[in-house]
Amino acid sequence: MTNLPIDMLRSFVVINEEGSFTAAAEKLGRTQPAISQQLKKLELLLDRSLLDRDNPKLALTPAGESLLNYARQILSLNDQAVGYFSNPPVS
């Protein structure tokens, strides 16, 4: 079974939200090549192209559209869990 790394999913979502690799890199505090590499690794893990590279504008493939929905849900749950455990325990 394949595990999808949270950092790769977050990069994928932010690339889509920001509309470019450069803007995503700035928002995430990473370099543009690092963000590009994460997307390539994610595509290799899934054995699917997530971006339509024939389109001059950033566009998702059908697989990318599907993953975007899952990625948002996974990130939301991850962030909720981290938030829950980062609050001090109530005594």
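Now for a look at the structure at hand. (Residues numbered from 1 in each chain as written. Predicted model: local features only at pLDDT ≥ 70, side-chain atom pairs only at ≥ 80, totals over all residues. Heavy atoms only, no water.)

Looking at the environment of S20
For S20, the position within the fold is in the loop between α1 (6-18) and α2 (21-28). Here the alpha-carbon distance between S20 and N3, two residues 17 residues apart in the chain, equals 25 Å. In this structure S20 touches I15 and L58, once residues within four positions along its chain are discounted. A polar atom in the side chain of S20 sits 2.9 Å from the backbone nitrogen of A23. (Helix = DSSP H or I, 4+ residues; strand = E, 2+ residues; numbered from the N terminus. Contact = heavy atoms within 4.5 Å. Polar contact = N/O pair within 3.5 Å; in protein donor to acceptor, adjacent residues only side chain to side chain.)

Considering α2
Those residues of α2 lying buried are F21, A24 and A25. Down the axis of α2, the smallest arc covering the buried residues is 100°, so these residues share one side. Facing away from the buried surface of α2 by more than 90 degrees, the exposed residues are E26 and K27. One or two residues past the end of α2 sits G29, with phi positive at roughly 70°. (Buried < 20%, exposed > 50% of the residue type's maximum accessible area, 1.4 Å probe, protein only. Arc of directions from axis to C-beta.)

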